[in-house]
Amino acid sequence: MIRFSVVTITYNAEKVLQRTLDSVCSQTYEGVEHLIVDGASKDRTLALAEQYKQRSDSSDNKHKVIIRSEPDHGIYDAMNKGLTQASGDYVVFLNAGDFFPNANTLEEIVHQCRLNEYPSDGLPGVLYGNTDIVDGEGRYLHPRRLQPPAQLNWRSFRHGMLVCHQAFYARTDIAKNLQYDLRYRFSADVDWCIRVMRESERMGLPLSNIGMVVANYTEEGATTQNHRASLKERFDVMRRHYGLLTTLVMHAWFVVRK
């Protein structure tokens with residue numbers, strides 16, 4: 001059976017965490033490992049996580065729930081801790097407030113990508129799908145503006161992050177060897193996704209389009225300062241992977257597109 005490691009990063013997330021926990025717990029697919037990596041929260045986040053673990057342990061879903069709470073050096077440091085501990089075939093990050101569209105999302109992913117037909121060493125390097133945006137209460141707003149292409153490769157991100165991080169399932173054996181670059185505070189996920197796709201191509205592994213919405217992503221209210229810092233980091237990520245000239249040309253296109 002194909003197994004999924006779902007990693008949820010939390011810090012003082014009691015207001016939004018429950019819908020994420022309920023979403024994972026309700027998955028009808030049995031091959032689920034849920035890693036909750038907490039940054040030593042001071043609210044009721046850990047209490048909610050512990051209640052969830054007890055509920056999951058006593059249910060029939062056969063999910064495995066692991067909770068780890070300690071101070072970290074930011075979200076990407078916490079994500080690296082999740083990668084280190086993940087043991088499934090694929091790892092996906094579903095952070096506090098984000099959730100699966102329905103109870104059979106993971107089951108449908110296995111079916112849509114025909115994962116059980118692959119030899120274990122030939123599984124796609126990445127599974128990717130669509131994302132819907134929800135508000136702070138989890139209510140649907142609209143589809144994510146950037147949509148994944150029919151055929152994704154590592155060069156695709158020259159046009160922006162076409163696949164939301166929460167809709168990007170990386171083969172765990174690849175992901176463990178390509179941890180998040182902690183030099184980036186806001187855009188290490190973009191860099192990580194590109195590196196995972198490049199390594200998949202080097203290994204001759206396909207990237208498989210799931211062909212459906214696989215994540216509901218909570219709209220964020222980032223500050224202008226963080227937004228600008230994120231843009232600067234993304235420029236540096238693109239420059240490193242695609243070269244300065246290509247990056248300048250694409251950013252000129254971004255301005256025209258807006």
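Chemist: So what's going on with the overall build of the protein chain? Which residues, and what values?
Modeler: For the protein chain, the helix and strand inventory stands at eight helices and eight strands. In terms of C-alpha radius of gyration, the protein chain reaches 18 Å, essentially the compact-globule figure of 18 Å for 258 residues. Considered along the principal axes of its C-alpha atoms, the protein chain spans approximately 55 × 45 × 35 Å. Buried positions account for 52% of the 258 residues belonging to the protein chain. Working note: accessible area of the protein chain is about 12,400 Å², and carbon and sulfur atoms make up 50% of it. Positive and negative charge centroids in the protein chain, built from 31 and 31 side chains respectively, lie 7 Å apart.

Chemist: An account of the packing of aromatic side chains is requested, with residue identities and associated values reported.
Modeler: Under the criterion given, the structure shown has nine aromatic pairs. Judged by centre distance (5.6 Å) and plane angle (85°), the ring pair of F93 and Y180 falls under edge-to-face. Highlighted residues: F93 in strand 4 (residues 90-93) and Y180 in the loop between helix 5 (172-176) and helix 6 (188-202), separated in sequence by 87 residues. We classify F93 as buried; its relative accessible area is 1%. Judged by relative accessible area, Y180 falls into the buried class, the value being 3%. The ring of W154 carries R198 above its face, with NZ or CZ at 4.0 Å from the centroid.

Chemist: Give a description of the pattern of salt bridges that names residues and reports values.
Modeler: According to the stated counting rule, one finds 13 salt bridges in the structure shown. For R240, the salt bridge identified is with D181, shortest N-O distance 3.8 Å. Residue R240 is found in helix 7 (residues 224-242), and its partner D181 is found in the loop between helix 5 and helix 6; the two are separated by 59 residues along the sequence. Under the relative-accessibility criterion, D181 is labelled buried at 14%.

Chemist: Explain the side chain of S187 residue by residue, including any values.
Modeler: Residue placement: S187 occurs in the loop between helix 5 and helix 6. From its side chain, S187 meets the backbone oxygen of S230 in a polar contact 3.2 Å long. Once residues lying within four places of it in the same chain are set aside, the contact partners of S187 are Y76, S230, E233, R234 and V237.

Chemist: So, the environment of L46: which residues are in play, and what are the values?
Modeler: For L46, the position within the fold is in helix 2 (residues 45-57). Taking the C-alpha atoms as reference points, L46 and D98, separated by 52 residues in sequence, lie 17 Å from one another. Discounting residues that sit within four places of it in the chain, L46 has contacts with D38, I67 and S69.

Chemist: Please give an account of the pairing of strand 7 (residues 168-171) that cites residues and values.
Modeler: Side chains F168 and A170 of strand 7 all project onto a buried face; the interleaved residues Y169 and R171 project onto the opposite face, where all are buried too. Bridging between strand 4 and strand 7 involves two bridges; their strand directions are antiparallel. Residue pairing for strand 7: V91 is matched across the bridge by A170. Across three bridges, strand 5 (residues 126-134) lies against strand 7 in antiparallel orientation. Residue pairing in the sheet places V126 in a bridge with A170 of strand 7.

Chemist: An account of the packing of helix 1 (residues 17-25) against helix 2 is requested, with residue identities and associated values reported.
Modeler: Packing of helix 1 against helix 2 leaves a shortest axis separation of 10 Å and a crossing angle of 15°. Classified by the interaxial angle, the pair formed by helix 1 and helix 2 is roughly parallel. Relative to helix 2, the crossing made by helix 1 is right-handed. Packed against helix 1, whose contacting residues are L17, Q18, L21, D22, V24 and C25, the element helix 2 presents T45, L48, A49, Y52, R55 and S56 at the interface. Partitioned by chemical class, the residues of the contact of helix 1 with helix 2 number seven nonpolar, three polar and two charged.

Rules used in this analysis
- Residues numbered from 1 in each chain as written.
- Predicted model: local features only at pLDDT ≥ 70, side-chain atom pairs only at ≥ 80, totals over all residues.
- Heavy atoms only, no water.
- Helix = DSSP H or I, 4+ residues; strand = E, 2+ residues; numbered from the N terminus.
- Rg over C-alpha atoms; globule rule 2.2 N^0.38 Å.
- Buried < 20%, exposed > 50% of the residue type's maximum accessible area, 1.4 Å probe, protein only.
- Areas by Shrake-Rupley, 256 points an atom, 1.4 Å probe, with all protein chains shown as cover.
- Lys, Arg positive; Asp, Glu negative; His and termini not counted.
- Charge placed at Lys NZ, Arg CZ, Asp CG, Glu CD.
- Phe/Tyr/Trp six-rings, centres within 6.5 Å; stacked < 30°, edge-to-face > 60°.
- Lys NZ or Arg CZ within 6 Å of the ring centre and 35° of its normal.
- Salt bridge = Lys/Arg side-chain N within 4 Å of Asp/Glu carboxyl O.
- Polar contact = N/O pair within 3.5 Å; in protein donor to acceptor, adjacent residues only side chain to side chain.
- Contact = heavy atoms within 4.5 Å.
- Pairing = 2+ DSSP bridges.
- Axes fitted to C-alpha atoms, helices over the stretch in contact; angles between N-to-C directions.
- Parallel < 35°, antiparallel > 145°, perpendicular 65-115°, else oblique.
- Left-handed = near helix turned anticlockwise from the far one by under 90°.
- Nonpolar A, V, L, I, M, F, W, Y, C, P; charged D, E, K, R; others polar.

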